[in-house]
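So the chains spell out like this:
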Amino acid sequence: MKLKIAYSPCPNDTFVFDAWAHDRVPGAPRLDVTFADIDVTNGWAESGTDAHDVLKVSYAVLPWILDEYALLPCGGALGRGCGPLVLTRDADVDLAGKTVAVPSERSTAYLLFRLWAAEKVPGGVGEVVVMPFHEIMPAVRDGKVDAGLVIHEARFTYQNYGLHCLADMGEHWETTTGLPIPLGAIVARRSLGAETLELLAESARASVRMAWDDPAASRPYVMEHAQEMDPKVADQHIGLYVNEFTADLGEHGYAAVRGLLTRAAAEGLVPPLGPDALAFP
């Protein structure tokens, strides 16, 4: 049987999972891959009705799903200098009462934005509109929304839309906490059992290392799903989001995840985590 997995078509995910998805990781379970936007996978995980065994989700959704899913200690996106950006058509816009487009209300990007806005936008923003992340920059450029919260490769391309970076959520997070930025997590159903969960983590870690050892091997898979992205931008994207935390969260990675969710819980933005909620397997 194949394990059902869902992740995004973004270069970091296709780079990480290329070897595993194409049966090049010795001993790894075979995969049945579905590509889906992070807002979709967050919803699947939270509803608890989806048939996927493994999902790429936002770290921000973990407090709602950890009873059913275990956080894998590898395969996700966490790092420094890679946070979401708030973009506007004009520089120095006051966001009080303004309409802001976000990629998901359960995304880590939106959680970081809410923590930032609580400090920096005393009057509070106005309407929040959820839309697929690739639609956000055109919407800001065309005046359909006042600002957009963007993720992924948008930090390399927003100038092409004539937009300004009003604030860097990652920079704010790193400055105030000293911790890396938790973005996307890999989770798997606890019902698979400890042995299978351990095998999944080993397989994800091996797939990452194989991609690093031979980056050219993953290039066809990456570019096939990169939505006409410039290869140089795809390389920048991979270089930023696939790092030592992808191979292993480690002490600093887990501290960042718990720090984000503990701070958010203190603000009443997410349910509090139990003491062993992040334990693996």
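As a starting point, this report considers the structure included with it.

What counts and what doesn't
Residues numbered from 1 in each chain as written. Predicted model: local features only at pLDDT ≥ 70, side-chain atom pairs only at ≥ 80, totals over all residues. Heavy atoms only, no water. Helix = DSSP H or I, 4+ residues; strand = E, 2+ residues; numbered from the N terminus. Rg over C-alpha atoms; globule rule 2.2 N^0.38 Å. Buried < 20%, exposed > 50% of the residue type's maximum accessible area, 1.4 Å probe, protein only. Contact = heavy atoms within 4.5 Å. Areas by Shrake-Rupley, 256 points an atom, 1.4 Å probe, with all protein chains shown as cover. Lys, Arg positive; Asp, Glu negative; His and termini not counted. Charge placed at Lys NZ, Arg CZ, Asp CG, Glu CD. Salt bridge = Lys/Arg side-chain N within 4 Å of Asp/Glu carboxyl O. Core = buried A, V, L, I, M, F, W, Y, C linked by side-chain atoms within 4.5 Å. Disulfide = S-S within 2.5 Å. Pairing = 2+ DSSP bridges. Right-handed = clockwise from strand over helix to strand, strands pointing away. Axes fitted to C-alpha atoms, helices over the stretch in contact; angles between N-to-C directions. Parallel < 35°, antiparallel > 145°, perpendicular 65-115°, else oblique. Nonpolar A, V, L, I, M, F, W, Y, C, P; charged D, E, K, R; others polar. Expected span 1.5 Å × (residues − 1). Phe/Tyr/Trp six-rings, centres within 6.5 Å; stacked < 30°, edge-to-face > 60°. Lys NZ or Arg CZ within 6 Å of the ring centre and 35° of its normal.

### A short note on the overall build of the protein chain
Okay, so step 1: Looking only at helices and strands, the protein chain features 12 helices and 11 strands.
Okay, so step 2: Taking 2.2 N^0.38 as the reference for a compact globule, 281 residues should give roughly 19 Å; the C-alpha atoms of the protein chain span a radius of gyration of 18 Å, in line with that estimate.
Okay, so step 3: Split into buried and exposed, the 281 residues of the protein chain put 54% on the buried side.
Okay, so step 4: Of the contacts made within the protein chain by residues no fewer than 6 positions apart, 80% connect residues no fewer than 24 positions apart.
Okay, so step 5: Accessible surface computed for the protein chain: about 11800 Å², of which carbon and sulfur atoms make up 49%.
Okay, so step 6: Across the protein chain, the mean location of the 22 positive side-chain charges is 1 Å away from that of the 38 negative side-chain charges.

### Digging into the pattern of salt bridges
Okay, so step 1: By the definition in use, this model includes 11 salt bridges.
Okay, so step 2: Here Arg-80 ties to Glu-174 by a salt bridge, and the two come within 3.5 Å at their closest N and O atoms. Separated by 94 residues along the polypeptide, Arg-80 in the loop between strand E5 (77-79) and strand E6 (85-88) and Glu-174 in helix H7 (residues 169-177) bring together distant segments of the chain.
Okay, so step 3: With a relative accessible area of 42%, Arg-80 lands in the partly exposed category.

### What to know about the nonpolar core
Buried together is how nonpolar side chains tend to be arranged in soluble globular proteins.
Okay, so step 1: Among the nonpolar cores identified, the biggest contains 54 residues, and Val-57, Leu-62 and Phe-113 are the most heavily contacted of them.
Okay, so step 2: Element by element, the count of residues in this core is highest for helix H4 (residues 108-120), at eight residues.
Okay, so step 3: Those residues within four positions of Val-57 in sequence are excluded, and the remaining contacts are Ile-38, Thr-41, Asn-42, Ala-45, Leu-62, Ile-65, Leu-183, Gly-184, Ala-185 and Val-187.
Okay, so step 4: Grouped together as the second largest cluster of nonpolar side chains are 32 residues, Leu-31, Ala-188, Leu-197 and Ile-238 included.

### Thoughts on the state of the cysteines
Two cysteines whose sulfur atoms are joined by a covalent bond form what is called a disulfide.
Okay, so step 1: Counted under the stated rule, the structure contains zero disulfides.
Okay, so step 2: In this model Cys-10 remains outside any disulfide bridge; the closest cysteine sulfur is found in Cys-82, 13 Å from its own.
Okay, so step 3: Note on Cys-10: relative accessible area 6%, which makes it buried.
Okay, so step 4: The thiol of Cys-74 is not disulfide-bonded; the next cysteine sulfur, from Cys-82, is found 17 Å away.
Okay, so step 5: Residue Cys-74 is classed as buried on the basis of its relative accessible area of 2%.

### Details of the pairing of strand E2 (residues 31-35)
Okay, so step 1: Note: strand E1 (residues 3-7) against E2, five bridges, orientation parallel. Residue pairing in the sheet places Lys-4 in a bridge with Asp-32 of E2.
Okay, so step 2: Read as a crossover between parallel neighbours, the route from E1 over helix H1 (residues 11-21) to E2 is right-handed.

### Looking at the sheet that holds strand E7 (residues 100-102)
Okay, so step 1: Spatially, five strands are ordered E8-E7-E9-E6-E10 in an open sheet, and the strand pairing comes out mixed. A single partner strand is all that each edge strand has here, and the edge strands are strand E8 (128-130) and strand E10 (164-168). Strand-to-strand twist across the sheet, computed as the mean angle between neighbouring axes with direction ignored, equals 30 degrees.
Okay, so step 2: Pairing of E7 with strand E9 (residues 147-150), which is carried by two bridges, proceeds in the parallel orientation.

### Quick word on the packing of H1 against helix H10 (residues 231-241)
Okay, so step 1: Interaxial distance between H1 and H10 falls to 8 Å at its minimum, and their mutual angle equals 70 degrees. Our classification of the angle between H1 and H10 gives roughly perpendicular. Facing Pro-11, Asn-12 and Phe-15 of H1, the residues of H10 in contact are Ala-234, His-237, Ile-238 and Tyr-241.
Okay, so step 2: Looking at side-chain class alone, the contact of H1 with H10 contains five nonpolar, two polar and no charged residues.

### As for helix H8 (residues 194-213)
Okay, so step 1: The end-to-end C-alpha distance of H8 is 29 Å, a good match for the 28 Å that 20 residues give at a rise of 1.5 Å each.
Okay, so step 2: Those residues of H8 lying buried are Leu-197, Leu-200, Ala-201, Ser-203, Ala-204, Arg-205, Ser-207, Val-208 and Ala-211.

### Quick look at the packing of aromatic side chains
Okay, so step 1: Inspection of the entire model under this criterion finds six aromatic pairs.
Okay, so step 2: In this structure, Arg-106 is placed above the aromatic ring of Trp-64, and the distance from its NZ or CZ to the ring centre is 3.7 Å.

### Here we look at unusual backbone geometry
Okay, so step 1: The omega torsion across Phe-280 and Pro-281 is 10 degrees, close enough to zero to call that bond cis.
Okay, so step 2: With respect to the helices, strands and loops of the structure, Pro-281 is situated in the segment after helix H12 (250-266).
Okay, so step 3: The phi dihedral of Asp-23 is positive, around 60 degrees, even though this residue is not glycine.
Okay, so step 4: Within the secondary structure, Asp-23 is located in the loop between H1 and E2.
Okay, so step 5: By relative accessible area, Asp-23 is classed as partly exposed at 46%.

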